[in-house]
Amino acid sequence: MGPDVWVNAALGGVFGLLIGSFLNVVIYRLPKIMERQWAMEAEAFQAAQAGREPAAAPEPFNLMVPRSRCQHCGHMVRWHENIPVVSYLFLLGRCSACKARISPRYPLVELATGALFFWCIQRWGFTSTAAAWCLFSAAMIALAFIDWDTTLLPDDITLPLLWGGLLASALHWTAVPLQASVLGAAAGYVSLWMVYWGFKLVTGKEGMGYGDFKLFAALGAWFGWQALVPIILMSSVIGAVVGIAMKIFSSLREGGYVPFGPFLVGAGFTAMILGPQAILDTVLRLFGL
C-alpha cells in the first residue's frame, strides 16, 4: 500500500472531522426543528378551528441560523472556538465565557466521523464508492445520537439513506446487486413492521417505532436482503449487552426503555467494516453454534 493511499485517507479523515462538527449541529437542532414544526402545525390547526389568525411565526431556527452559542450563558461561538477537536482541547472542554463544561460528546462525534471517513478512503480511495459509504457513515452517526437522545429517527435522514442505498446499488457504487438492494429494503421494512404488530397484539404495547422499520429498510438497501438476519442478530446482541449494563449501573431511563436505533447503527457499521457474513459467524460463535 503506497504512501498516497495514506495521504488521501488522512485528507478524508480531516474532511470527516469537519463533517462531524456539522453533525453535532444536526444532532442537536434537527429534533428541535421537528418539534417547532409540529407546534406550528398544531397552532395553525387550532387557529383554523377557532376561526382566528394563527400566531406569528417564531424566529428562524434551522441548521444554519442562528449561530451556535453556549447553552448556559448564550455566548456566541467564534470561528476559532469551533475548530473540530482542537478547539475543545484548547478550551479544556469549557465555554470561554462562563467556563461551563462542554460535553465531550462533541469531539467524540467529530473523531468518530473522521475515523470512519479515513477508513472509507483508505479502503476504496477517492472513488464514488468511498463517497457513498462516507455519506452512509455520516447519516448513521446522526441517527444513532438523535435516537439515543430523543427516541426519534427523522424521516429527513432515514428516507434519503434508504434511497441513497438503492441509488448506490443502481450506479454500482456498492457491491450489492439492485435486485438484492430492493428486496433488502422491502424485507427490512416489512419484517420489523410484523414484529411491531405482533408485539402490540400480544402485549398491547409498542415495542419500537416506525423509524426503526425505515432504518432497517435502509440497511437492507445498502447491504442486500441476505444481510438482514446477521444485522438484526448483531443489533440484538449489542442491545442486550448495553441494556444489561445499564440495568446493572441503574442508568435505565424512566420506563426502562432503550432505543433500538443505535444498535441497528452499530450492526450496520460492523457490516460495513467486517461484512455481513463475519457478523453471522461472530454471533453463532457467541452462542456456541
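Residue positions are counted from 1 within each chain, in the order its sequence is given. The predicted origin of the model limits local features to residues at a pLDDT of at least 70 and limits the giving and counting of side-chain atom pairs to 80 or more, whereas totals for whole chains, interfaces and linings rest on all residues. Side-chain measures here rest on the full set of heavy atoms in the structure, leaving out hydrogens and waters.

Participant: Hey, could you go over the overall build of the protein for me, with residue numbers and the actual values?
Facilitator: Helices and strands together make up the secondary structure of the protein, namely 10 helices and 0 strands. Only DSSP runs of H or I covering at least 4 residues are called helices, and only runs of E covering at least 2 are called strands; the numbering of each starts at the N terminus. Sequence-ordered secondary structure for the protein, helices as α and strands as β, is α-α-α-α-α-α-α-α-α-α. This radius of gyration counts C-alpha atoms alone. The globule rule is 2.2 Å times how many residues there are, raised to the power 0.38. Taking 289 residues into account, the globule formula puts the C-alpha radius of gyration at 19 Å, and the protein, at 21 Å, falls close to it. The principal-axis extent of the C-alpha atoms belonging to the protein is close to 60 × 55 × 45 Å. Looking at the protein as a whole, 39% of its 289 residues qualify as buried. All accessibility values rest on the Shrake-Rupley procedure with a 1.4 Å probe; residue burial counts only the protein chains present in the view. Accessible area for the protein stands at about 16,100 Å²; split by element, carbon and sulfur atoms hold 68% of it. One way to put it: in the protein the 18 positive side-chain charges average out to a point 8 Å from where the 16 negative ones average out. Relative accessibility under 20% of the residue-type maximum defines a buried residue, over 50% an exposed one, and the middle range a partly exposed one, all with a 1.4 Å probe and only protein chains included. Charge counting treats Lys and Arg as positive and Asp and Glu as negative, with His and both chain ends excluded. Charge coordinates come from a single atom per side chain, which is NZ of Lys, CZ of Arg, CG of Asp or CD of Glu.

Participant: Let's hear about the packing of helix α3 (residues 105-124) against helix α9 (residues 261-274): which residues, and what values?
Facilitator: One can describe the packing of α3 onto α9 by two numbers: an axis separation of 12 Å at closest approach and a directional angle of 25°. The angle between α3 and α9 places the two elements in the roughly parallel class. Considering only the axes of α3 and α9, their crossing is left-handed. Contacts between α3 and α9 involve L116, W119, C120 and R123 from the former and F269, M272 and I273 from the latter. Of the residues assigned to the contact of α3 with α9, the class counts are 6 nonpolar, no polar and 1 charged. For every element, the axis is a line fit to its C-alpha atoms; helices are fit only across the contacting stretch, and the angle between N-to-C directions ranges from 0 to 180 degrees. Here the angle decides the label: under 35 degrees means roughly parallel, over 145 means roughly antiparallel, 65 to 115 means roughly perpendicular, and every other value means oblique. Handedness of a crossing follows from how the near helix is turned relative to the far one, being left-handed for an anticlockwise turn of less than a right angle and right-handed for a clockwise one. Contacts: residue pairs with any heavy atoms within 4.5 Å of one another. Throughout, the ten residues Ala, Val, Leu, Ile, Met, Phe, Trp, Tyr, Cys and Pro are labelled nonpolar, Asp, Glu, Lys and Arg are labelled charged, and all others, Gly among them, are labelled polar.

Participant: So, the packing of aromatic side chains: which residues are in play, and what are the values?
Facilitator: Aromatic ring pairs are reported here in terms of the distance separating the ring centres and the angle at which the planes meet. In summary, the pairing rule links any two rings of Phe, Tyr or Trp, Trp by its six-membered ring, whose centres are within 6.5 Å, and it sorts them by plane angle into stacked for under 30 degrees, edge-to-face for over 60 and tilted for everything else. Scanning the model with the defined rule gives 16 aromatic pairs in all. Ring geometry for W133 against F136: centres 5.0 Å apart, planes inclined by 75°, an arrangement best described as edge-to-face. Of this pair, W133 and F136 both sit in helix α4 (residues 128-150), separated by 3 residues, roughly a single helical turn. Given the relative accessible area of 0%, F136 is considered buried.

Participant: Could you give an account of the packing of helix α8 (residues 228-248) against α9, with specific residues and numbers?
Facilitator: Contact geometry of α8 with α9 gives a least axis separation of 8 Å together with a crossing angle of 130°. The angle between the axes of α8 and α9 places the two elements in the oblique class. Crossing angle aside, the handedness with which α8 passes α9 is right-handed. Touching I231, I232, M234, S235, I238, G239 and V242 of α8 are F263, L264, G266, A267, T270 and A271, all from α9. A class-by-class count of the residues in the contact of α8 with α9 yields 9 nonpolar, 4 polar and no charged.

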